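Listed here are the chains, written in short residue letters.
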Amino acid sequence: MPDSNFAERSEEQVSGAKVIAQALKTQDVEYIFGIVGIPVTEIAIAAQQLGIKYIGMRNEQAACYAASAIGYLTGRPGVCLVVSGPGLIHALGGMANANMNCWPLLMIGGSSERNQETMGAFQEFPQVEACRLYTKFSARPSSIEAIPFVIEKVQYLTAVRTSIYGRPGACYVDIPADFVNLQVNVNSLKYTECCMSPPISMAETSAVRMAASVIRNAKQPLLIIGKGAAYAHAEENIKKLVEQYKLPFLPTPMGKGVVPDNHPNCVGAARSRALQFADVIVLFGARLNWILHFGLPPRYQPDVKFIQVDICAEELGNNVKPTVTLLGDISAVSKQLLEELDKTSWEYPPESKWWKTLREKMKSNEAASKELASKKSLPMNYYTVFYHVQEQLPRDCFVVSEGANTMDIGRTVLQNYLPRHRLDAGTFGTMGVGLGFAIAAAMVAKDRHPGQRVICVEGDSAFGFSGMEVETICRYNLPIILLVVNNNGIYQGFDMDAWKETLKFQDPTAVVPPMCLLPNSHYEQIMTAFGGKGYFVETPEELQKSLRQSLADTSKPSLINIMIEPQATRKAQMESSFVTRLECSGMIWARYNLSLLGSNDSPASAS
């Protein structure tokens, strides 16, 4: 007699939504961020039934930022789930940011039904084609049976070999609406095994020997530690290089914490001096792009020798001709360098003229920052705020930061002691990433680092990009403390008196500067509206008290709205071309003030 159980199994049907969810589960996906609607709601429900965590966001762009940050923090792609047409378009910014930051991401977007293509279907849009500009892989499964293969292909061939293997990046899988509820026979499906971790590649032995020789002969060496080193988990080997051979190091913003910022060999406080006068620079997963002034004079010596360590062959020799290139996994290559340097007894002299120059500059810059931080005048300046924040920050917290001066100044004051514990605007200089990144970090903290807090430091303008994600934070009760450093504007703003004077007799669209926001906005009330704790602070004492209470209260998230001097900026120094633009904007702002107030003084004297 035929097996009745077998007959039942052979007739068992399963929906496309469940096939997608099972394919993601098989590939070890832990988190999905998104906004549900036609046609993807069933996918989110099916994923939850399999134990995948779904975090519903308020904007697709923030959802995509969160999913990409998961990829950086865990090494496995986070998933962003969006609806068709506008939902996908809203997420393109997050996809572009993931690709520019080299972070693994898997985007799944619903799309119009196949039999309605070119007919003007609901939210019809050429999604696969559009996503090719922002991803390393973009495809639509040809059938429900092909979904596990395409998901696995994205995971294995793209989000691991192409997106995780080599230089990480974003991937897109398009799901037609009719696939979601269409039923197929279980026996027609085959789920592929979970993809393996990427193989470890190592640099050529001869290149490692040459690099070690160049380092030993350097008179003014410098290690630059990028976020590529953090992603590669290279902290143990790089710390040994720093300590055993007494080498100075400079972290890029998201390279902070690979070696703790308070390490005596960290020369972050003398960044410009270190870059300008180093004769040998070893780049560990750092690109010579705008963040590092392209590796070109006058920011660097014309004859500086670069040793590039990178997983991506195309990056080697970009903008400058390196003396040595070390192609491979950054953790593995840094271990090779350690082994090669260990063959001879050598260390860089800790009392050298180079170390003396760097220490003197660090001492001078730190003194200037502390002088600004010690000012008692109100409203507070950036340095006063950040020094008071730094005093209370837990050493193991995640620090998320965005904004212009807020991020730039905060980077120099707020310390990181652990790798992959700082997230900011990154390579693409993207504003609006903060709350999405903070939500991703909070999910990782809850699941992998219990007790760790997320401190999200936002400029008031940057906060406005995704401020409604405060509701998401409260809905999931995430361990996040938001600090909004509020200067009433983009770069700079007006105080209330100047605002009222400006608007007294004129149309605000004609006289309000483009950089200006509404003065003294009570952003903390957004947090209290959703059940969190909000604080409006104007003095150092209020800041200290509110932060202390926020750190002590682990039962709910909080937002501290910190009022600072609207014209506050960073201490005078030429740190980057970006700062030059800020200084130019300051001159424009001075002219604006003078024209509005009817002064005959010159802009130079006003500034």
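One can find the structure itself at the top, above this paragraph.
Reading guide: rules and limits
Residues numbered from 1 in each chain as written. Predicted model: local features only at pLDDT ≥ 70, side-chain atom pairs only at ≥ 80, totals over all residues. Heavy atoms only, no water. Helix = DSSP H or I, 4+ residues; strand = E, 2+ residues; numbered from the N terminus. Buried < 20%, exposed > 50% of the residue type's maximum accessible area, 1.4 Å probe, protein only. Contact = heavy atoms within 4.5 Å. Areas by Shrake-Rupley, 256 points an atom, 1.4 Å probe, with all protein chains shown as cover. 1 Å grid on protein atoms, 1.4 Å probe; cavity = no way out; pocket = protein on both sides within 12 Å on 5 of 7 lines; lining within 4 Å. Points joined across faces, edges and corners; volume = space filled by probe spheres on them. Nonpolar A, V, L, I, M, F, W, Y, C, P; charged D, E, K, R; others polar. Salt bridge = Lys/Arg side-chain N within 4 Å of Asp/Glu carboxyl O. Axes fitted to C-alpha atoms, helices over the stretch in contact; angles between N-to-C directions. Left-handed = near helix turned anticlockwise from the far one by under 90°. Pairing = 2+ DSSP bridges. Core = buried A, V, L, I, M, F, W, Y, C linked by side-chain atoms within 4.5 Å.

Description of the overall build of the protein chain
Point 1. From N to C terminus, the protein chain includes 25 helices and 21 strands.
Point 2. Residue burial in the protein chain is summarised as follows: out of 607 residues, 57% are buried.
Point 3. Looking at the protein chain alone, contacts between residues at least 24 apart form 77% of all its contacts between residues at least 6 apart.
Point 4. With the model as given, the accessible surface of the protein chain reaches about 25300 Å², and the carbon-plus-sulfur share is 54%.

Some remarks on empty space enclosed by the protein
Point 1. Tallied over the full model, the rule gives two cavities of 30 Å³ or more.
Point 2. Considering the residues around the largest cavity, the lining is formed by P394, R395, C397, V399, Q415, N416, Y417, L418 and H421.
Point 3. A per-class count over the lining of the largest cavity returns five nonpolar, three polar and one charged.

Description of unusual backbone geometry
Point 1. Between I38 and P39 the backbone carries a cis peptide bond, its omega angle lying at 5°.
Point 2. One can find P39 in the loop between β2 (31-34) and α3 (41-49).
Point 3. A cis geometry characterises the amide bond from L378 onward to P379, with omega recorded as -5°.
Point 4. The residue P379 is located in the loop between α14 (353-373) and α15 (382-392) in this model.

A word on the pattern of salt bridges
Point 1. Evaluation of the coordinates by the stated rule reveals 16 salt bridges.
Point 2. The residue R420 makes a salt bridge to E235 at a minimum N-O spacing of 3.0 Å. Highlighted residues: R420 in the loop between α16 (405-413) and β15 (422-423) and E235 in helix α11 (residues 235-244), separated in sequence by 185 residues.
Point 3. D261 is the salt-bridge partner of K256, the closest N and O atoms lying 2.4 Å from each other.
Point 4. Classification of D261 as buried rests on a relative accessible area of 9%.
Point 5. One network of salt bridges, in which partners are shared, links R58, E471 and R475.

A word on the packing of α15 against helix α23 (residues 540-552)
Point 1. Interhelical geometry of α15 versus α23 gives an angle of 35° and a closest axis separation of 10 Å. By crossing handedness, the relation of α15 to α23 is classed as right-handed. Between α15 and α23, the contacting residues are T384, V385, H388, V389, E391 and Q392 on the first element and P540, L543, Q544, L547, R548 and L551 on the second.
Point 2. For the contact of α15 with α23, the per-class residue count stands at six nonpolar, four polar and two charged.

So, the sheet that holds strand β3 (residues 53-56)
Point 1. With respect to topology, six strands assemble into an open sheet ordered β3-β2-β4-β5-β7-β6, the strand pairing being parallel. Whereas interior strands pair on both sides, the edge strands pair on one side only; in this sheet they are β3 and β6 (137-139). For this sheet, the mean inter-axis angle between neighbouring strands, taken without regard to orientation, is 20°.
Point 2. As paired elements, strand β5 (residues 105-111) and strand β7 (residues 170-176) share seven bridges and run parallel to each other.

Quick look at the sheet that holds strand β21 (residues 558-563)
Point 1. In spatial order, the strands read β15-β14-β16-β17-β21-β20; together these six strands make up an open sheet with parallel pairing. For this open sheet the edge positions go to β15 and β20 (533-537), each flanked by a neighbour on one side alone.
Point 2. Running at roughly 140° to strand β14 (residues 398-402), α16 makes contact with β14, β15, β16 (454-459) and β17 (480-486) of the sheet.
Point 3. Seen against the sheet, α23 touches β16, β17, β20 and β21 and runs at an angle of roughly 165° to β20.

Examining the nonpolar core
Point 1. If you look at the biggest cluster of nonpolar residues, it comprises 116 residues, and the most contacted ones within it are F33, F284, L326, I480 and L482.
Point 2. Other than its neighbours up to four places away in sequence, L326 contacts A203, A207, V208, A211, I307, Q308, V309, D310, V333 and L337.
Point 3. In terms of nonpolar packing, the next biggest core, distinct from the first, is built from 30 residues, V29, V40, I108 and V173 among them.

Topic: α11
An α-helical turn contains 3.6 residues, so any two residues separated by three or four positions project in the same direction.
Point 1. Restricting attention to buried positions, one finds in α11 the residues E235, N237, I238, L241 and V242.
Point 2. Packed against the buried residues of α11 are β9 (221-225), α10 (227-231), β10 (249-251), β11 (280-284) and α13 (330-341).
Point 3. Just downstream of α11 lies K246, where phi reads positive at about 55°.

What about the environment of L316?
Point 1. Secondary-structure assignment places L316 in the loop between β12 (305-310) and β13 (324-327).
Point 2. For the pair L316 and R287, spaced 29 residues apart in the sequence, the C-alpha separation amounts to 9.0 Å.
Point 3. Here L316 is in contact with Q308, D310, T325 and L327, once residues within four sequence places are set aside.

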